Amino acid sequence: MQPTRAYRLTIRAIFIALITIQSVTPFLGFIPLGIINLTIVHLTVIVAALVLGPQDGAVMGLIWGLGTLIRAYIAPRTPLEPLIFTNPVIAILPRILVGYGAGWSYRLFKTKMHHPTVAMAAAAAVGSIINTSLVLLLMRWLSAGALASFYQVRATSLNHILMGVVATNGIPELIVAMVVVPLVVQAIFKANQFLTH
């Protein structure tokens, strides 16, 4: 059976509502850890991309990015947010590519890998890596001066700081994505006979 248009619109609306709430609510989409945030909203974006496809994943990433941008202006949770995420390129572009990249990766991996759980975990890893690497690269490229001033270091020392962020944020986010995303996606597929993987 094929999903009706109304059914898919309902699923999209649920994901949009979840991502919107996660984007602005601490501990639902991110865990504040002093001057940095441990991101978990990317899990919902990746799940949406695997369930609905890369185009919908990109839309969910856009919603996440807009939420990040708005929060940085209105109610930043860390001192770094107003310095970094008020730039729409940093706040929005990586988030769109998380959903798009995870969705296309899953389409590729599920044809190449024999076990669907492995394909889901690999696609989740791609989405998480896109998020961490693009955000940090754009921060380094577009906001080096602000970062150096914030951390009170020379711009040449920023690479060491950003590698520390990879170790403390990026790797845990990657591991969590690879474990949680397949569990959630499989549960959604089992519960919704209209959605096919």
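See the structure shown above.
What counts and how
- Residues numbered from 1 in each chain as written.
- Predicted model: local features only at pLDDT ≥ 70, side-chain atom pairs only at ≥ 80, totals over all residues.
- Heavy atoms only, no water.
- Helix = DSSP H or I, 4+ residues; strand = E, 2+ residues; numbered from the N terminus.
- Buried < 20%, exposed > 50% of the residue type's maximum accessible area, 1.4 Å probe, protein only.
- Phe/Tyr/Trp six-rings, centres within 6.5 Å; stacked < 30°, edge-to-face > 60°.
- Lys NZ or Arg CZ within 6 Å of the ring centre and 35° of its normal.
- Axes fitted to C-alpha atoms, helices over the stretch in contact; angles between N-to-C directions.
- Parallel < 35°, antiparallel > 145°, perpendicular 65-115°, else oblique.
- Left-handed = near helix turned anticlockwise from the far one by under 90°.
- Contact = heavy atoms within 4.5 Å.
- Nonpolar A, V, L, I, M, F, W, Y, C, P; charged D, E, K, R; others polar.
- Salt bridge = Lys/Arg side-chain N within 4 Å of Asp/Glu carboxyl O.

Visitor: Help me understand unusual backbone geometry, please; the structure alone is not making it clear to me.
Guide: With the exception of glycine, most residues fall at negative phi, and the peptide bonds are largely trans. In this structure, Gln152 takes a positive phi of about 55 degrees despite not being glycine. Considering the arrangement of structural elements, one finds Gln152 in the loop between helix 7 (144–151) and helix 8 (158–191). Judged by relative accessible area, Gln152 falls into the exposed class, the value being 72%.

Visitor: Before we go on, may I ask you to explain the packing of aromatic side chains in this structure?
Guide: Aromatic ring pairs: the centre-centre distance and the angle between the two ring planes describe each pair. Under the criterion given, the structure shown has two aromatic pairs. Their ring planes at 70 degrees and their centres at 6.3 Å tell us that Tyr100 and Trp104 sit as a pair that is edge-to-face. Linking Tyr100 with Trp104, this pair stays in helix 5 (residues 88–112), spanning four residues, or about one helical turn. Between Phe150 and Tyr151, the aromatic rings sit 5.2 Å apart at their centres with planes inclined by 85 degrees, giving edge-to-face as the arrangement. Among the residues examined, Phe150 registers a relative accessible area of 25% and is labelled partly exposed. The ring of Trp64 is capped by Arg95, whose NZ or CZ atom sits 4.2 Å from the centre of that ring.

Visitor: I tried to follow the packing of helix 2 (residues 41–52) against helix 8 on my own but got confused; where do I start?
Guide: The description of two helices packed together rests on the angle between their axes and the distance between the axes. Relative orientation of the contacting elements helix 2 and helix 8 amounts to 45 degrees, with a least axis distance of 9 Å. In terms of orientation, helix 2 and helix 8 fall into the oblique class. Where helix 2 crosses over helix 8, the handedness of that crossing is right-handed. Judged by residue contacts, His42, Leu43, Ile46, Val47, Leu50 and Val51 of helix 2 engage Glu173, Val176, Ala177, Val180, Val181, Val184, Val185, Ile188 and Phe189 from helix 8. Of the residues contributing to the contact of helix 2 with helix 8, the split by class is 13 nonpolar, one polar and one charged.

Visitor: Would you mind going over the pattern of salt bridges with me for this structure?
Guide: Close approach of charged atoms lets side chains of opposite charge pair. For the structure on display, the rule yields three salt bridges. Between Asp56 and Arg8 there is a salt bridge, with the nearest N and O atoms lying 3.7 Å from each other. Highlighted residues: Asp56 in helix 3 (residues 54–74) and Arg8 in helix 1 (residues 5–24), separated in sequence by 48 residues. With respect to class, Asp56 is no different from Arg8; both count as buried.

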